[in-house]
Each structure stands twice: as C-alpha cells, then as structure tokens.
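Close look at the chain arrangement
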Number of protein chains: 2
Amino acid sequence: MTNGYIGKILEVDLNSGKLNEIPIDENTVRKFLGGKGLGLKIINDDFKPDIDPLGPDNVIVFATGPATGTSFPTGGRYHVITKRSPLTGLVGSANSGGKWGPYLKFAGYDAVTIKGASNTPVYLSIVNGKAELKDATDIWGMTTFATTDKILEEIGQPKASVACIGPAGENLVAMACIINEKNRAAGRCGAGAVMGSKKLKAIAVYGTGKVSIARPDEMKERVKEAIGKIKENPVTGQALPTYGTAVLVNVINEHGGFPARNFQTGYFPEADKQSGETLVNKYLTGKAACWGCPIGCGRVSKVPDGPFSISKSEGPEYESIFAFGSDCGVVDLDAVIKANYLSNELGLDTISMGTTIACAMELVEMGNIPESELYGLDLRFGNAGAMVEAVWKTAYRAGIGADLSLGSKKLAEKYGAPDISMSVKGLELPAYDPRSIQGIGLNYATANRGGCHVSGYMISPEILGLPEKLDPFVTKDKAQWTITFQDFTSVVNSSGVCLFNTFALGLPDYTGLLASITGWDLDDGEVLTIGERVTNIERLLNNRYGVDEKQDTLPKRLLEEPIPTGPAKGNISNLSEMLPEYYELRSWVNGKPTEEKLKELGLS
Amino acid sequence: MTNGYIGKILEVDLNSGKLNEIPIDENTVRKFLGGKGLGLKIINDDFKPDIDPLGPDNVIVFATGPATGTSFPTGGRYHVITKRSPLTGLVGSANSGGKWGPYLKFAGYDAVTIKGASNTPVYLSIVNGKAELKDATDIWGMTTFATTDKILEEIGQPKASVACIGPAGENLVAMACIINEKNRAAGRCGAGAVMGSKKLKAIAVYGTGKVSIARPDEMKERVKEAIGKIKENPVTGQALPTYGTAVLVNVINEHGGFPARNFQTGYFPEADKQSGETLVNKYLTGKAACWGCPIGCGRVSKVPDGPFSISKSEGPEYESIFAFGSDCGVVDLDAVIKANYLSNELGLDTISMGTTIACAMELVEMGNIPESELYGLDLRFGNAGAMVEAVWKTAYRAGIGADLSLGSKKLAEKYGAPDISMSVKGLELPAYDPRSIQGIGLNYATANRGGCHVSGYMISPEILGLPEKLDPFVTKDKAQWTITFQDFTSVVNSSGVCLFNTFALGLPDYTGLLASITGWDLDDGEVLTIGERVTNIERLLNNRYGVDEKQDTLPKRLLEEPIPTGPAKGNISNLSEMLPEYYELRSWVNGKPTEEKLKELGLS
C-alpha cells in the first residue's frame, strides 16, 4: 500500500458502526495542507451551532499533514480537532508526536473522522490494511499504559501505535487528553473527554505503506540541508537534546517570567531544583525521540526512592514542571515527576491539570473552598503530596477532584472568584508570565484555542532570540510578530511536523520541503497564506460559538497586578497597547475577520 | 413507631424494585438471636449452590440484634451477611459499629435483605417511616465521604446514617467494604463489591422509634453493673480509651507476634514508631465512640504536613497499622494513616488491602511480578509511597491495581506462587502471627469466613490474660478455648454488640442482659448453644460450597518456616496438634458437623 500527500479520510460513524473512505481532493490540500488545517476544514463543512461537547454531535478529526511520515525532519506529528472542546466550548485543538501519525499514513489514511457515539466501549483498529471497530468492554477502565499493552496484544502487532484515553477521558474530565505510545499527548482542550463521551477507547494504527514524494532527489537534498541547520542550531542541536524542554526553567525564571503560585508572581526562587540541568543530573536514565526526529528532546527519568518513587518515567516537559511545580508552589521535582507520570497514565493534560490545582490552592488559601469540600486533602501551595493526590482524584472525580475535573474556569466560578482562574477562553495558561514577556501575552489573548503558548510561540524571538532577539518587556512590533508566528505555526501544524524544528528552520525551508513533497510550485507567500487561512477559519468557527474581542483578553491579575518579585518586578501585561494593532493587521473587527479578509483567503 | 426485639425485615427486590415487610417469628430469634445468626438463617432458608458472588442471585442481609439500639453497653452494631463472598466464595460476614444499626431499628426494621440487582444505580432510603428506592445515578462514582454528604443533603435529614460503597465496591474489587458514617466499616469479605454488583450505592436510615425492653428496671441495673465492669477493666477502662486498638502494637510486637513483611517474621523492630502511644503523642486530635459505647476506642487524627498530610482522619486501628505498616515493611505512620484514610474514602477493607499489597511486594521481590505489569510502581517492602498508591490503584483497578483487586490468593496464584498469599480460605490474615500465638492460629484455620481474628479472639486469653492468662506458645487446651470463644463471639455478633465489651463482660453478663431485653428465662447454656448453632449453620453453608478439613489450614510459611527474628524466634504454628481435638470437641468429621450435632442444634 502506498499513498502520497493526497490520500483519503477514514470516516467512522459510531452511531451505526459503519466505516467509510472519503477521498481528499487536491484543492483542499493546497488550501489547508492537512493536519490542523484539514481538521478545521472538515469541522467547518459540517458546522452545527449549540452542540454539546460531550454529546454524539461532536466530531473528532485525527489528521496528519503532507509532511507526516516523510523525511521532513520531525515529520512525526498528527493533529486532533474536535468540533467543540468540553473545556472551552470552542473548537478543540491539540497535537502529538511519537509514531502514531506516520503509522496512520503507512496504514493508508491521512485522517480519521469520528462521528456519533457508541453505546458500548469500542476501539478502532487500522492494522495491516484493515480498518475495524472492536469491542473494548474489557479494556474500559484501564489506564493508558495498560490499554496500550492490552490492545497491542489483542491485535497481535507489537509494533503498532495506540492512541487512547485513560480513566480521565472515560470519566469526561474536561482536561482529559489523548495519549499515544504511553507518553506522547495530544494534550490540550479535552479531546480525551470527547473520545470518552463517544465510548471510543483507542485507535490502533499500523501499516507498511510508504508516503510518495513528488521530487525525491530534491527532497533528499533539502532534508539534508534542514538536518544540518537543526544540528547546528544551539537550541535544536544542543539545548533540547541535552536538557530537554526543561532547559527553559532557569532561562525563563531568570527573565522573571516563570509563573509561580497560580501566577501570583513570575519568579520562583527554587527553580533550579526543578531545572533541566537538575533533571539530567539526578533523574535522567535515557533519552527519547519521536518518529523521524533529529532533535530528540524526550526524557526518560527515574525517581529512585522516596514517597514519589517511579521505576521508569518519560518526561517531565518544561510545561509540566511549571504546572505541577512552581505554579503549585511545589519545589520537590520527585513529586512533579510523579504528577506528570500519573497524568500520562490516567490521560490528563498536565498544563490544565497543574494550573487548575494551583487555582484550587489559591481558592483554598483565600477561604473560598470550605474544608467540607476538601475531605481531608490539604490543598495548599507547596503541599507536594496533596498536589499528586489531586491529580488522580481529578481523573476519577473523587472528592474535590469532581470540582477540579471541570477545569479552573468553572472551578473558580463555582467558588465565587472567577478572576482566580488563570485561563483565557477557559484554557489554562502555560509556563510564561505575560507580564514579563509581552508578546506571549498577546498570543495568549488571541490564540484561537484559548490560553495557548504554541499557537504563536513568541518565546522564540522574545527570549531565545530566534530568528532575532526582541525585548520581551516592550510591546512595540509585537502585533506583527505574533501574527506571523501564529500563521507560520498554523503551517507547521497543518504540515504534520514539530514546532521545535522552527528554532532552526524558517518559512523558506518549509516552502522548499513542502514543494518537494507535493511537486507544487510554491512560494513563501502562498505558504504563509495557507497559515493565515487556517488561523482565520478557526477564528471564524469560534466566532460562531460567540467569540468576539471581549474574549481576547488575559486574567485580570496579569493586566492589573504588577509582578511582586524577581527580575520583572513591577511589570504588568500591556495587552491594550498591542491588541488594536493586532486587529488592524489581521483585518479583524470586534475579534472577527472582515468579509474582505475572508474573501481574500477564499473562506467567505 | 416502637418495636421490640422481635420485629420485621425489610426485603428489597432490586430486580423488580419492590419492597416487602416480613415479620420475624419469636422461634427464629430464640434460636438465632439476630445479627449474624439471623443473617445466616435467612441465607440458609434460601440456599442455592453455584451462584455467582457478583451476580443477581447473591443476597445481602443487614441485620441488627436484640441488643442493638438498647442500653446494652456497645449496642451499636449491625452485621452484614452475603450469601457468597467475592473474596472467598463462601458465606461473607462482617460487622460494623457507629449508629447505623440502632438507627435502622429506630426506623422500624431489625434487618434489611437485598435480593436481585438493579439496572441503574439506586440507594435505599429508610427515613422517617418511609422506605423507598431512589435514583443514585448522580452519586455513582463518588467516594464514601462525598456519597454520605450528598445523600444526607438529598434526604434532608442531616442526622441520618448512611452506609454506602465507594469506587472500590462499584468497581467490584474483591476486598471492597461497606462504610457507614464515613469511618466505620463492615470490612471483611467484600460485601462492598456485592453491593456494587447490585448497583446499590447506599442505605440511609433514620427514625425516632424506641426499642422496647421486656424488663426495663432489671435492665437498668444490669447495664449499670456492666458499665461498671467495663470502666474498671484495664483494657476497656484504660488501654482502649487512651490508646485505641493501636495499644496492641507494642504489646503484640513484644510477644513476637506482630507480623512483618508479609509474615516473613513476627517482629518489627520499628514498631514503636507506629504504636498507639506514638499515635496519641504525635497525631491524635480527638477521640470517637460508636453509638452507646462507654469505651470509645475511636481515634481522630491528623497528619499535619509531609507527603501524606491529611487535615482530619479517623483511625487508624491496630489491624490497619499492621496491614499498611509492618506487613508492608513501612515504618512511616503518616503513610499508614493516609492508606487507612483512602481505604475508608474509597471503600476498601484495610486488612485485606494491606496484606494483599504485602503479598504483591514479596512477589515483586521474588521476581514473580515482572516490571511490565507494575507500570513504574516500585512495589517493594518499605516503599511507603508505592504502598499508598497501590491502595487507590486497587480501588480503581488501575495498572497493577487490577491484579491487587482480586485479593492476595488469586494474585499469588496468577503469579505462580500461591503459598505467598497469607490467607485462609481466601481471606487475608490479620495482625497476629500464629507461630507466636498458637490459639489464634487454630481460630484462623477454623473460622468460617477464613483468616479472621474476631471469630474467636484468642488474643484475649493468650496475650491480654482475659478472662485468664494462657501461654501463647503452647497448644494444650487451645481447642476448647477456641471453640468457646468462637461460639461466644457468635452470640456477640448475633446480639448486635461489640466484641470489645467481652474483655470485661462474660457469658453470664450476656445471659442476664439478653434476658432483661427479651423477657425470656435464659441460662448460660442456652445462650452458648445459640452461639454454637450460629457457628455451625455458617459451617454447614460453607460445607455446601465445598469446605472440608483440607481448607482448615494455614499458609505453608506459618506451618513450616520458623520465625527468624524477635521474641518468638524459632517458633512455627503447631496447628496439627490442635485440630484433631478441635474437630472432636466440635463433633465435626472432615470439617463437617455430624448429623448428630446438627440434630442436637436443631439444624438438621
């Protein structure tokens, strides 16, 4: 079986149990590439307002891009789009690495669309050329780790890749994620709960097909050149392979942008105890890399003893260290690793989980969550054991976990202090304080899926100086930079590759590599326009769910409370200095693309 | 509403949702009293072989005794009988204190029988004179603590008592228990899983009726005298109120009978770190007593900080300290308190839970459980964090918890070392090493429900010297003592009072008090014969499930491996010296009552 960049979608109707193959036309791919763009296109073609995110009318698309499964460096990713996220009520969006994406393509499909809902637990097996739904009654209830092993055994193909949900997804926890190969997560926006609501436990994929390349010799050259750039780049060639993403802990903390105690400040004095360097020195037992990745930022770690011991663990990533560590006031990296591990095992997004726990800790310290709701769990900043317990209690909705499972926004609303939720549009904020790093704040406020760092990773220019160094404290020019980063990231996520290669590769590299794969006569302008189109179609969908400029904001704390400690002491986010320019450059009015813009992008 | 000792049974058919009232005749009560005896009688009248313990044909009886809810000191107990235990496959038996038993009686019923199974979650409300089944869909999944609060709120009677199951019972975990008032457990034999299989989440009871006493003035005098004895007795008047049941930790350890590391030895050098004295000095914040109890052995404790912090907790009991502490090689009392707390919260029997974890730890250290099954959990003796994690993983059948949820017998069988399960008839052994205390070993081997200490609490004479001191190392006369204790305990459990009063009260006290309640002309012989009848009817039922003398034994280790350390070093259990005499005195052949014996007891 061989397929190229224009392949087919497997459409699964869980109401009827029927499977269909739908061809993808070249026009769609040239407009949206694949991955995120394709997912949004499918959702858009089938839009219905007012659907229940956890009802049968929600739709999940798992989509690879034209670069997935090719020699494009880091071409190992797939994107997940849900019509509506249980956490935000908007379009849900997340992506993941590992080998699941390439294997889906090798099995003959570019994307899988899941509609309807099954009455009994099922999993989808796309293995050795046969796609079928299988009974998952015996697997329902299992952790992601056990599910993976059990399905690999059942299908008799140990090399296959399994993307699945854990108990959190089954229990419809709003921040439940999808886990593939046990430790790679399509983390954000609660797609795991959507799978759970459909009683879809997993999708196993395996195939031996190849992805055809239009200009293979040219591709070879371009890949060689790209790998060279990745190897030579200090971030992708040195920092990430050596220290993993946790290399950022000390870097961001020294910029005064490492949020601590539910963003009460942007500086964590004990940060070095949970840094990438400490991780390497005290915990690292090996490294891991996704399919086709020359960087290899993955960590294999071990907590040899103590109350949080783990024989073997992957991670933790920088974001997870922030979420379970500094943001919860927890210094002990052992506990952070345990919380990260349990999140993978039970199927929880670490960012939303940790940030929601941090929110609960502040609500407890404020006296807003009464003792009677805590059932003995002493959820206060710095209590490592309570933090870890809160993770599994959320996955199972046990005790206060039932409230945590709603996400920080609904939690803070329930307990009478909505401003204490550090989220945008219901999605919890990641590990960069927008008071210290102005551009990332603009991105948080405008990113379609809510409080997201990877929609437009402004940390790259503002902190890492890639492709050039910007002053993180100033707002000038950040609107254009953010827009370019957002649209370029839409290209990345629609191509099926990893954002991390963009530390070394720029738009021209993408244009070249995509041209080699597709054989199209592409230029940088066309490619960036695809990105802009993808950004705008997602915005358009969210507008239909009610998003306008009122939602393009940040938590009050970040706009009004100056950072009390650290190198960025005294700073606030000057979002209002950037937003008007952003809208103007976007041609958005009241947070909505103008008709002219939509026409220009072929979206009207 | 007023009812006496001869009242009525509420029979609930969950298949049809119908509730019936069934009168209890005086003859039945005079033969079986109530509580355990009544439960067994009901089960026996309806016996069917080969039923699935987790199928709709299993039956649960909740029964009070004639003393429950009266002024008989410690008259706060109810007994739970299941036709078949998921842990042992035999009759399941457990009892609990608190106020649930008296409140059931005050609500107008002596017992509740549950038959069939519901399709959707329900709970039974017997409040203010009305018994009804209510929808529990929204409550299903909740912990025992949250369930209790939710139901009290729903029924609008905050003084009511709720007996319920937690996630463990819902998930059909073999050692799931029933919890009333959040911290009192009908612990052993897995009745929680039977409730779970019937989708019965809870039974809430409340009423204002009184229990009529046949000779109230005489009763008053006798109660006064009994309370005097309880207050004067060193165990019930001093040791238990001051230190709780944990007073036994140092006592039993100094006798070399405190089992450690899955009974690898009977001495734990660090025992004092988890003793009743340490509990009082470092953790105690208050005391608790069951309804009508002048002893008050309950503990209210707190773990103020550290990885296992808890704001407020009840317990732990001596048995739980052994199970999660010494038996798992865990010294840290913080962790023991946390494991005990989670067991209550999730609805797990602490003895079977801890002993099963200890069994798993030995299997891991032997190399019998491979790393691939552990999913990172480093289950080795002394690992406090892994022990605590194993508790909640069992309740949710997560990872290795799925295997632990089977109980130690099936776990050890699965991993190829059945002798490593420290159980009798599938029920895990409690906190006394039968190599150091011979009589308790005979009780373990012959107790109807399996490895049980409270069927015939030989610790009382062998260690505490009550009513007289026996040498724990010798076997002579232990058969008769064990039989007498077993039969007397059957009286205790059928009366609806607490075994702990027997440290101070003897058979004549019981005879007198029961006579005052019932108005019958009782003598000690008739009362002890009731006990013998109850012991024998339980045995008879178990014989029909296949029990014969082959099952009346102890784990090989205790019969063959001399204790390697401590004051009882070199000892083994000399069970074979006691069993033949036991059978002869019982008139049992091949572990079965003779026809003559049954005739004599009116059971043929």
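Rules used throughout
- Residues numbered from 1 in each chain as written.
- Chains lettered and ligands numbered in written order.
- Predicted model: local features only at pLDDT ≥ 70, side-chain atom pairs only at ≥ 80, totals over all residues.
- Heavy atoms only, no water.
- Buried < 20%, exposed > 50% of the residue type's maximum accessible area, 1.4 Å probe, protein only.
- Helix = DSSP H or I, 4+ residues; strand = E, 2+ residues; numbered from the N terminus.
- Pairing = 2+ DSSP bridges.
- pLDDT = per-residue confidence, 0-100.
- Axes fitted to C-alpha atoms, helices over the stretch in contact; angles between N-to-C directions.
- Contact = heavy atoms within 4.5 Å.
- Parallel < 35°, antiparallel > 145°, perpendicular 65-115°, else oblique.
- Nonpolar A, V, L, I, M, F, W, Y, C, P; charged D, E, K, R; others polar.
- Least-squares fit on C-alpha atoms with pLDDT ≥ 70 in both.
- Core = buried A, V, L, I, M, F, W, Y, C linked by side-chain atoms within 4.5 Å.
- Buried area = accessible area lost by both parts, 1.4 Å probe.
- Salt bridge = Lys/Arg side-chain N within 4 Å of Asp/Glu carboxyl O.
- Polar contact = N/O pair within 3.5 Å; in protein donor to acceptor, adjacent residues only side chain to side chain.
- Phe/Tyr/Trp six-rings, centres within 6.5 Å; stacked < 30°, edge-to-face > 60°.

Regarding the pairing of strand S5 (residues 78-82) of chain B
Successive residues of a regular strand alternate their side chains across the two faces of the sheet. Residue and element names in this part refer to chain B. With five of its five residues buried, S5 lies for the most part within the structure. Residues Tyr78, Val80 and Thr82 line one face of S5 and the alternating positions His79 and Ile81 line the opposite face, and both faces are buried. Direction of pairing for S5 relative to strand S6 (residues 92-96): antiparallel, over a ladder of five bridges. Residue pairing for S6: Tyr78 is matched across the bridge by Ser96.

Brief notes about the confidence of the model for chain A
On average, residues of chain A carry a pLDDT of 97, and 99% of them reach 70 or more. With a pTM of 0.97, the predicted complex shows an ipTM of 0.96.

Points about the sheet that holds strand S17 (residues 310-314) of chain B
All names here are of chain B. One open sheet accounts for three strands, arranged S15-S16-S17; its pairing is antiparallel. Since the sheet does not close on itself, it has two edges, and those belong to strand S15 (284-288) and S17, each with one partner. Taken over all neighbouring pairs, the strand axes of this sheet differ in orientation by 20 degrees on average, direction set aside. Where strand S16 (residues 298-303) meets S17, three bridges bridge the pair, whose relative direction is antiparallel. Within the sheet, the bridge partner assigned to Val300 lies in S17 and is Glu314. Against the sheet, helix H8 (residues 234-243) makes contact with S15 and S16, and its axis sits at roughly 25 degrees relative to S16, the strand it touches most. Here helix H12 (residues 333-346) sits on the sheet and contacts S16 and S17; the angle it forms with S17, its principal contact strand, is near 70 degrees.

Here's the deal with the packing of helix H7 (residues 216-232) of chain B against H8(B)
All names here are of chain B. Look at H7 against H8: their axes get within 4 Å of each other, and the N-to-C directions meet at 55 degrees. One element, H7, and the other, H8, form an angle in the oblique class. Here Lys229, Ile230, Lys231 and Glu232 of H7 lie close against H8, whose contacting residues are Pro234, Thr236 and Gly237. A breakdown of the residues in the contact of H7 with H8 according to their chemical character gives two nonpolar, two polar and three charged.

Concerning the relation of the copies chain B and chain A
Aligned on chain A, chain B shows an RMSD of 0.0 Å; the corresponding rotation is 180 degrees and the shift along the axis is 0.0 Å. The symmetry that links the two subunits is that of a two-fold axis. When C-alpha positions in chain B are compared against the rotation axis, the closest is assigned to B:Pro307, at 3.4 Å. Interface residue correspondence from chain B to chain A reaches 100%, placing this contact among same-surface, isologous pairings.

What about the environment of B:Ser311?
With respect to the helices, strands and loops of the structure, B:Ser311 is situated in strand S17. Along the backbone, B:Ser311 and B:Ser301 are ten residues apart, and their C-alpha atoms lie at a distance of 8.4 Å. Not counting chain neighbours up to four residues away, the residues in contact with B:Ser311 comprise A:Glu371, A:Gly376, A:Leu377, A:Asp378 and B:Lys302.

Side note on helix H2 (residues 35-45) of chain B
In terms of residue burial, H2(B) counts as a mostly covered element, since nine of its eleven residues are buried. Listed as buried for H2(B) are B:Gly35, B:Lys36, B:Gly37, B:Leu38, B:Gly39, B:Leu40, B:Lys41, B:Ile42 and B:Ile43.

Looking at the nonpolar core
Within the largest apolar cluster, 316 residues are counted, with the highest numbers of intra-cluster contacts made by A:Leu379, B:Ile357 and B:Leu379. Not counting residues within four places of it along the chain, the set of residues in contact with A:Leu379 comprises A:Ile357, A:Ala360, A:Met361, A:Val364, A:Leu374, A:Ala386, A:Ala390 and A:Ile400.

A short note on the sheet that holds strand S10 (residues 161-164) of chain A
Residue and element names in this part refer to chain A. The strand order across the open sheet formed by six strands is S9-S8-S13-S10-S11-S12, and the pairing between neighbours is mixed. This sheet does not close on itself; its edge strands, each paired only once, are strand S9 (130-135) and strand S12 (184-186). Taking the axes of each pair of neighbouring strands and ignoring which way they run, one obtains an average angle of 20 degrees across the sheet. Where S10 meets strand S11 (residues 178-180), two bridges bridge the pair, whose relative direction is antiparallel. Its bridge partner being in S11, Cys164 is matched across the sheet by Ile179.

Quick look at the interface of chain B and chain A
On the side of chain A, 33 residues touch chain B, which itself brings 32 residues to the contact. Buried surface at the junction of chain B and chain A, both sides included, amounts to about 2400 Å², of which 51% is carbon and sulfur. Looking only at chain B, the three residues that lose the most surface to chain A are B:Tyr375, B:Trp392 and B:Tyr396, adding up to 26% of its buried area. Across the chain B-chain A interface, the total number found is four salt bridges. Across the pair A:Lys393 and B:Glu345 runs a salt bridge whose closest N-O atoms are separated by 2.7 Å. For the interface between chain B and chain A, the tally reads 14 residue pairs in polar contact (both at pLDDT 80 or more). Where the side of chain B that touches chain A is concerned, the elements lending two or more residues are helix H4 (144-155), S17, H12 and helix H15 (384-395) of chain B. A total of five residues in the side of chain B that touches chain A trace back to one element, the largest contributor, which is H12(B).

A closer look at the environment of B:Glu11
Residue and element names in this part refer to chain B. In this fold, Glu11 is placed in strand S2 (residues 8-13). Each C-alpha atom of the pair Glu11 and Pro86 lies 22 Å from the other, and the pair is 75 residues apart in sequence. Sequence-distant contacts of Glu11, that is, excluding residues within four places in its chain, are made with Lys18, Leu19, Asn20, Ile22, Thr113 and Lys115. Side-chain polar atoms of Glu11 contact the side chain of Lys115, separated by 3.4 Å.

Observations concerning unusual backbone geometry
In this structure, the amide linkage connecting B:Gly315 to the following residue, B:Pro316, adopts the cis form with an omega of 0 degrees. Within the element layout of this structure, B:Pro316 appears in the loop between S17 and helix H11 (318-324). The backbone of A:Asn590 shows a phi angle near 55 degrees, a positive value even though the residue is not glycine. For A:Asn590, the position within the fold is in the loop between strand S20 (588-589) and strand S21 (592-593). Judged by its relative accessible area of 32%, A:Asn590 is partly exposed. With phi around 55 degrees, B:Lys199 is a residue other than glycine that occupies positive phi space. Its location among the elements puts B:Lys199 in the loop between helix H6 (191-197) and strand S13 (200-206).

Focus on the pattern of salt bridges
Tallying each qualifying case throughout the model produces 72 salt bridges over all chains. Here the salt bridges do not stand alone but share partners, grouping A:Glu11, A:Asp46, A:Lys83 and A:Lys115 into one network.

With respect to the packing of aromatic side chains
Residues and elements named next belong to chain B. Enumeration according to the criterion identifies 44 aromatic pairs over all chains in this entry. Arranged with centres 5.3 Å apart and planes meeting at 55 degrees, the rings of Phe47 and Tyr545 form a pair that is tilted. In this pair, Phe47 is assigned in the loop between H2 and strand S4 (60-64) and Tyr545 in the loop between helix H22 (524-544) and helix H23 (556-560), connecting sequence segments 498 residues apart. Residue class for Phe47 comes out buried when judged on its relative accessible area of 18%. On the basis of relative accessibility, which here comes to 13%, the residue Tyr545 falls in the buried class.

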